[in-house]
Each structure stands twice: as structure tokens, then as C-alpha cells.
There are 2 protein chains.
Amino acid sequence: MGTMPDRTGNPRISQPAVRRYSHYYRTLLEARGRGDVSVSSRELAERTGVTSVQVRKDLSMIGTFGKRGLGYPVDGLLYELAQVLGLDSRWPMVLAGVGHLGTALLNSARFRRKGFPIVAAFDVDEERIGTMVGGLHVQHIDLLPHVIRQLDARIGIIACSPHAAQEVCDQMVKAGLRALLTFMPVNLEVPAGVRVRHHDILVELEALAFGLRQEEELSEDVDNPGA
Amino acid sequence: MGTMPDRTGNPRISQPAVRRYSHYYRTLLEARGRGDVSVSSRELAERTGVTSVQVRKDLSMIGTFGKRGLGYPVDGLLYELAQVLGLDSRWPMVLAGVGHLGTALLNSARFRRKGFPIVAAFDVDEERIGTMVGGLHVQHIDLLPHVIRQLDARIGIIACSPHAAQEVCDQMVKAGLRALLTFMPVNLEVPAGVRVRHHDILVELEALAFGLRQEEELSEDVDNPGA
DNA sequence: TATTGTGAAAGGGTTCACAGCG
DNA sequence: CGCTGTGAACCCTTTCACAATA
């Protein structure tokens, strides 16, 4: 465990950087769609909303693929980013909670297309169990451990009711999942080594409200400065 | 514009901090639900997954409400956080794109309950226009500017198809919205002063895949060290 | 004694300035 | 000349150590 980058070129990549890689990847796909064969850091930067230096720093973290004076080869960079982000593998997912949100997720073809297929759906509601949603039979949640092992699922999506979230989470962890994505406003307790990402829309909305509110106060302070 | 905190106690609050405030707020609501009258920074920290010092630093940014030796008063802190996050106002939202995702959002009572009601829904599909979803009539997107002004909407939600996202975004900005939440994998171009938050599930999934992949490589390197 | 509040130190990420190449 | 690549400076956030106080 030295300071040396490993053979993949990983000298320690931060979470924000990983997020940016996702954006670069998407932007490169668009560029390829337009027939571009190479792309400059500035171009990439403008389309993703960061600086061009940031792009170069980020890309230099995973290797050196650019041609000076020219830019980066679209195909080559796509390949490398796919490698880093793990997009050269499939990551089968299971979903718990087939409400409105779960249904929306199950009906999206995008995840499957991008290598993150939802391979099983679970619920506790007898009315829902057995029905077909997004091409899958909804199964009883008790089958979760068995199905996860059978289908070799890697990621768990928690879209059930908030009060069931922790229990579902426990079951997923016990069944061997090490990566969870939850949409519920509940802080999940998981053992070390299990990654959880919260996707709480309300947090985003509150952040937006904070920004708007701050702007308001700022303009009020123009009329009402000092103490 | 000195270094002095303004009278609200704002010495410059970072985005990550705002997100944590959201989590604290939610945790405090739970504490109040259990009848707790005061809560320590450690407790708040454990439930939100940060350190207790972080909690104290964060809270000291917006004022000093704790009683030493005791902790923070639940009600008082809730009030202050609500103030900071703008939860003492309502933030009416409009939604564009009544597909699976849009429908899921419209059917969620949570946003309305928390002060972020969706007050209008739009689409371009003639089949959808006029139907009722989540208690709202779906209207033609061309009515967006008019309705935004009429209902004094503050936040726009973009849940339409990716290729329409930029156009919808432009219309929302033109109609006066300064805060947008998009679920589409498209980088929106907006004028300065307009806040956009991307909520792309695929980015989260790719970040999870990155983590899992990294762990795999790490354990492989045990068998296969050096070059 | 338990816990908050905070100046100072440390750490991590971003930006700068410029060297290196095509 | 254009654009990448990168060590160093800078800045912001987190952590530490400890003073303050119910």
C-alpha cells in the first residue's frame, strides 16, 4: 500500500471525480454519436460545466491518453472510462418496493441498456406479488436472499416504504450485496464495506430552496444594510 | 461584503453543509416523534453518518443554540434549520414530462407535505394532455410560462425525454424559474444565476460500480502484487 | 462531568503557471 | 502554435485540541 499508482493508474480517485467521469463518459458518447473522432479538454469542460484544467487533471489520474495539440481520442477515452467505471461488466440489480417509484424504475430501459439491468423485483403486498412490471414477476421479499444468489445480483435498490427500508437493507446485506441505492429518507445502518448511496429528492429540493432563499436575503440586504 | 457573518448568522455555508442540514433536520423530526426534547451532537452524528465535531461546526455556522453539558433543544434547532433551509416558506413546483417518472413524482404526497407542492404538470403528448395524474390536469407545455407566473411557481422539475430537456429548460428559465431539478442525462445550459441540480441515477450506479470494481481489484492484487 | 463552541492545524481538491509535445 | 500533463500554490472543508459552561 504505497503511494505508487497501481497498474490501472489509480492514485486514489475521489468521489466527486468519479461523478465527473460519468459525465465525461456521457458527453463522449454524444460526441461519438456526432462522428467526432477526437475531443479537447475545453470542449469536454464546456459540456460538463467544469474547467478544462479539471478535465485534464481528472483524465491524467487514470492515464495519459491525449495527443498534445489535438485532444483526446473519443474511442480510446470511452474505452478507458468504461474500464474505470466498471462499464465493461454487467451489474445486475434487484429492486425492493414496487410502488410508483419502483414501477418507474422497472419500466426504464435505460439501466438495462447501460449495463445495470434490474433482474428481480420484490414487494410484501400480496396484491402486487405475481403481477408483471417492466417484464418481471414481482416476488415476495422473503425470496430475496435466494434470488440474489441465484442471479448473482450486485446492487440493491431500495424503493419500498421508509419504515421497511432498514429491514430490507439488512436482508440485502445479509444476502451478500455490497452496494445499495436507496430513495428513502432514512439513514441506513450498514456494516463497514457496504456502500450506500442516498438519492433523496427532498435533499436536493431543500438545497435549491436554500439557494433561492439566500439570493432573496442578499437582495433584501441592499435595502437594509448593516445591523 | 466583509468577512463578518450577516445577521442571519451566515458566514458562507457550503453545499455539502446544506445537504447535511437536510439530514439533521430529518433526524430531528424523528427525535421529536420519539418525544425527545434535546439531542446531543454525538447522537445527531451517529444517525447521520458524520462526526460529532462536524455537527457542532455545522450548527455553529448558523448560530449557537446548544446547552453545554446537555445538547441541542430539538424544537429550537428544528425551527432554526427550517429557517436556513427555507422550509418556513412554500416552494411551488411545476413538472414537465408525465412519463413513468413524472407520474411517480406526481403521485408522491411527500413533496407537498414538506412544502414543495407540484402545482402543475405539463407534457407534449396529446394522449396525456387533459388526463388527471396525482390530482392535476396535465396541460400542454406551451402553457408553461403562463401557468408559472399565475401560480408563482419557484422550482421546475424536468422529467421529459432527454432530447426535449434543453428546450423545456429554456422555457422554464424564460418564464422566470431560477431553480431547476432535472432527471435527464443531459447537461443543461442555463444563464448565470439559475441553479440546476442533476439527479441522474446512472451516475450514482456508476459510482457504486466503481467502488465495487475497485474492491475487486484490490483483492486481486493480493494474489498478483507488483508489476 | 458531559457537552458545546472555536481557533489552529491538517487534509483534500481545485486552480495556476508553465513545461512538454504533436 | 495548440493542447495536454503536472508540480506547486491556493483555497475550502474537516479534524484536532482545548477552553467555556450548564
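Scroll up a little and you will see the structure.
Residue indices begin from 1 for each chain and proceed along its sequence in written order. Whichever chain is written first is A, and whichever ligand is written first is 1; the rest continue in order. The predicted origin of the model limits local features to residues at a pLDDT of at least 70 and limits the giving and counting of side-chain atom pairs to 80 or more, whereas totals for whole chains, interfaces and linings rest on all residues. Side-chain descriptors were evaluated using all non-hydrogen atoms of the structure, hydrogens and water having been removed beforehand.

### Concerning the overall build of chain A
And then number 1: Helix numbering and strand numbering both begin at the N terminus, where a helix is a DSSP run of H or I of at least 4 residues and a strand a DSSP run of E of at least 2. A tally of helices and strands in chain A yields nine helices and nine strands.
And then number 2: Against the globule reference of 17 Å for 227 residues, chain A gives a C-alpha radius of gyration of 22 Å, more extended than a compact globule.
And then number 3: With respect to the three principal axes, the spread of C-alpha positions in chain A is 60 × 60 × 40 Å.
And then number 4: Within the span of chain A, comprising 227 residues, buried residues form 47% of the whole.
And then number 5: Accessible area for chain A stands at about 11,400 Å²; split by element, carbon and sulfur atoms hold 52% of it.
And then number 6: Taking the average place of the 26 positive charges on the side chains of chain A and the average place of its 27 negative ones, the gap between the two points comes to 12 Å. Note on method: radius of gyration uses C-alpha positions; expected globular size equals 2.2 Å times residues raised to 0.38. Residue burial is assigned from relative accessible area. The probe radius is 1.4 Å, only protein chains are included, and a residue is buried under 20% of its type maximum, exposed over 50%, and partly exposed in between. In these tables, accessible area is a Shrake-Rupley quantity obtained with a 1.4 Å probe, and a residue counts as shielded only by the protein chains included in the view. Charged residues are defined here as Lys and Arg on the positive side and Asp and Glu on the negative side; His and the ends of the chain fall outside this count. Every charge is mapped to an atom, namely NZ of Lys, CZ of Arg, CG of Asp or CD of Glu.

### Remarks on the interface of chain B and chain A
And then number 1: Taken together, the contact pairs 67 residues of chain B with 67 residues of chain A.
And then number 2: Throughout, the accessible surface (probe 1.4 Å) given up by two parts as they are put together, summed over both, is called the buried area. Taken over both partners, the interface formed by chain B and chain A buries close to 6,600 Å², and the fraction arising from carbon and sulfur atoms is 58%.
And then number 3: Criterion for a salt bridge: a side-chain nitrogen of Lys or Arg within 4 Å of a carboxyl oxygen of Asp or Glu. Taken together, chain B and chain A are joined by 14 salt bridges.
And then number 4: Between E204 of chain B and R19 of chain A there is a salt bridge, with its nearest N and O atoms 3.5 Å apart.
And then number 5: Under the rule applied, a polar contact is a pair of N or O atoms within 3.5 Å (in protein, one hydrogen donor and one hydrogen acceptor; residues adjacent in sequence only if both atoms are side-chain atoms). Where chain B touches chain A, the interface holds 25 residue pairs in polar contact (both at pLDDT 80 or more). Contacts between residues were defined by any pair of non-hydrogen atoms, one from each residue, lying within 4.5 Å.

### Focus on the side chain of S22 of chain A
And then number 1: By the secondary structure assignment, S22 of chain A is in helix 1 (residues 15–33).
And then number 2: Within the local environment of S22 of chain A, its side chain forms a polar contact with the side chain of E206 of chain B, the two groups lying 2.5 Å apart.
And then number 3: Once residues within four sequence positions are removed from consideration, S22 of chain A is found in contact with L85 of chain A together with V203 and E206 of chain B.

### A few points about the sheet that holds strand 8 (residues 179–182) of chain B
Residues and elements named next belong to chain B.
And then number 1: The strand order across the open sheet formed by seven strands is 5-6-4-3-7-8-9, and the pairing between neighbours is mixed. Both edges of this open sheet fall to strand 5 (132–133) and strand 9 (195–198), since each of them pairs with a single strand only.
And then number 2: Here a strand pair is declared whenever DSSP counts at least two bridges between the two strands. In the sheet, strand 5 pairs with strand 6 (residues 136–140) via two bridges, with the strands oriented antiparallel. Along strand 6, the bridge assignment pairs V133 with L136.
And then number 3: Packing against the sheet, helix 7 (residues 144–151) makes contact with strand 3 (93–96), strand 4 (118–123) and strand 6, and its axis sits at approximately 175 degrees to strand 4. Orientation is described by lines fitted to C-alpha atoms, with helices fitted over the stretch in contact, and by angles between N-to-C directions that extend from 0 to 180 degrees.

### Regarding the packing of helix 1 of chain A against helix 3 (residues 52–61) of chain A
All names here are of chain A.
And then number 1: The N-to-C vectors of helix 1 and helix 3 enclose an angle of 100 degrees; their axes lie 11 Å apart at closest approach. Considered as vectors, helix 1 and helix 3 are oriented roughly perpendicular to each other. Within the contact between the two elements, helix 1 uses A17, R20, Y21 and Y24 and helix 3 uses Q54, V55, D58, L59 and M61.
And then number 2: A breakdown of the residues in the contact of helix 1 with helix 3 according to their chemical character gives six nonpolar, one polar and two charged. If an angle is under 35 degrees, it is roughly parallel; if it is over 145, roughly antiparallel; if it lies from 65 to 115, roughly perpendicular; otherwise it is oblique. Residue polarity follows a fixed list, in which Ala, Val, Leu, Ile, Met, Phe, Trp, Tyr, Cys and Pro are nonpolar, Asp, Glu, Lys and Arg are charged, and the others, Gly among them, are polar.

### Regarding the sheet that holds strand 4 (residues 118–123) of chain A
Residue and element names in this part refer to chain A.
And then number 1: If you trace the seven strands from one edge of the open sheet to the other, you get 5-6-4-3-7-8-9, paired in mixed fashion. Two strands in the sheet have a free side with no partner beyond their single neighbour: strand 5 (132–133) and strand 9 (195–198).
And then number 2: In this structure, strand 3 (residues 93–96) lies alongside strand 4, joined through four bridges in parallel fashion. The residue of strand 4 that forms the bridge with M93 is I118.

### Observations concerning the protein's contact with DNA strand D
And then number 1: Around DNA strand D lies a shell of 22 residues, among which S41, T64 and Y72 of chain A together with R20 and R68 of chain B are the nearest.
And then number 2: Listed by contribution, the elements that provide at least two residues to the surface near DNA strand D are helix 3 of chain A together with helix 3 (52–62) of chain B.
And then number 3: For the surface near DNA strand D, the element with the highest residue contribution is helix 3 of chain A, accounting for four residues. Note on definitions. A residue lies near a molecule or strand when any single heavy atom of the residue is within 4 Å of it.

### Observations concerning the side chain of R213 of chain B
And then number 1: Turning to its location among the elements, R213 of chain B is positioned in helix 9 (residues 201–223).
And then number 2: Assessed through its relative accessible area of 10%, R213 of chain B is described here as buried.
And then number 3: Side-chain polar atoms of R213 of chain B contact the backbone oxygen of Q83 of chain A, separated by 3.2 Å.
And then number 4: Apart from the residues lying within four places of it in its own chain, the contact partners of R213 of chain B are Q83, V84, G86, D88, S89 and W91 of chain A.

### Some points on the protein's contact with DNA strand C
And then number 1: Around DNA strand C there are 22 residues in total, and R68 of chain A together with S41, T64, R68 and Y72 of chain B lie nearest to it.
And then number 2: Sugar and phosphate atoms constitute 59% of the interface atoms of DNA strand C, taking the interface as everything within 4 Å of the protein.
And then number 3: Interatomic distance of 3.0 Å between a side-chain N/O atom of K57 of chain B and a base oxygen of DNA strand C.
And then number 4: At the level of secondary structure, the elements contributing two or more residues to the surface near DNA strand C comprise helix 3 of chain A together with helix 3 of chain B.
And then number 5: No other element matches helix 3 of chain B, which puts four residues into the surface near DNA strand C.

### Here we look at the pattern of salt bridges
And then number 1: This structure, assessed with the given rule, holds 26 salt bridges over all chains.
And then number 2: Put simply, D36 of chain A and R34 of chain A hold a salt bridge, and the shortest N to O gap is 3.5 Å.
And then number 3: With relative accessibility at 24%, the residue D36 of chain A sits in the partly exposed group.
And then number 4: On the basis of relative accessibility, which here comes to 44%, the residue R34 of chain A falls in the partly exposed class.
And then number 5: What emerges from the salt-bridge pattern is a single network uniting D88 and R154 of chain A together with R213 and E216 of chain B.

### Focus on the relation of the copies chain B and chain A
And then number 1: Residues below a pLDDT of 70 in either copy are left out; the C-alpha atoms of the rest, at least 70 in both, set the least-squares superposition of the copies. For the pair chain B and chain A, the relating rotation is 180 degrees, the translation along its axis is 0.0 Å, and the fit reaches an RMSD of 0.1 Å. Considering both components of the superposition, the chain copies are consistent with a two-fold axis.
And then number 2: A high fraction, 97%, of the interface residues of chain B reappear at the interface in chain A, so the copies pair face to face through one surface.

### Re unusual backbone geometry
Residues and elements named next belong to chain A.
And then number 1: Located in the positive-phi region is D152, a residue other than glycine, with phi close to 55 degrees.
And then number 2: With respect to the element layout, D152 can be found in the loop between helix 7 (144–151) and strand 7 (155–158).
And then number 3: Note on D152: relative accessible area 52%, which makes it exposed.

### Thoughts on the packing of aromatic side chains
Residues and elements named next belong to chain A.
And then number 1: A pair of Phe, Tyr and Trp rings is counted when the ring centres sit within 6.5 Å of each other, with Trp represented by its six-membered ring. The angle between the planes then sorts it: under 30 degrees is stacked, over 60 is edge-to-face, the rest tilted. Summed over the entire model, instances satisfying the criterion amount to two aromatic pairs over all chains.
And then number 2: A ring pair is formed by Y21 and Y24, whose centres lie 6.3 Å apart and whose planes are at 65 degrees; its orientation type is edge-to-face. Note that Y21 and Y24 are positioned in helix 1 at a spacing of three residues, about one turn of the helix. Accessibility assignment for this pair places Y21 and Y24 in one class, buried.

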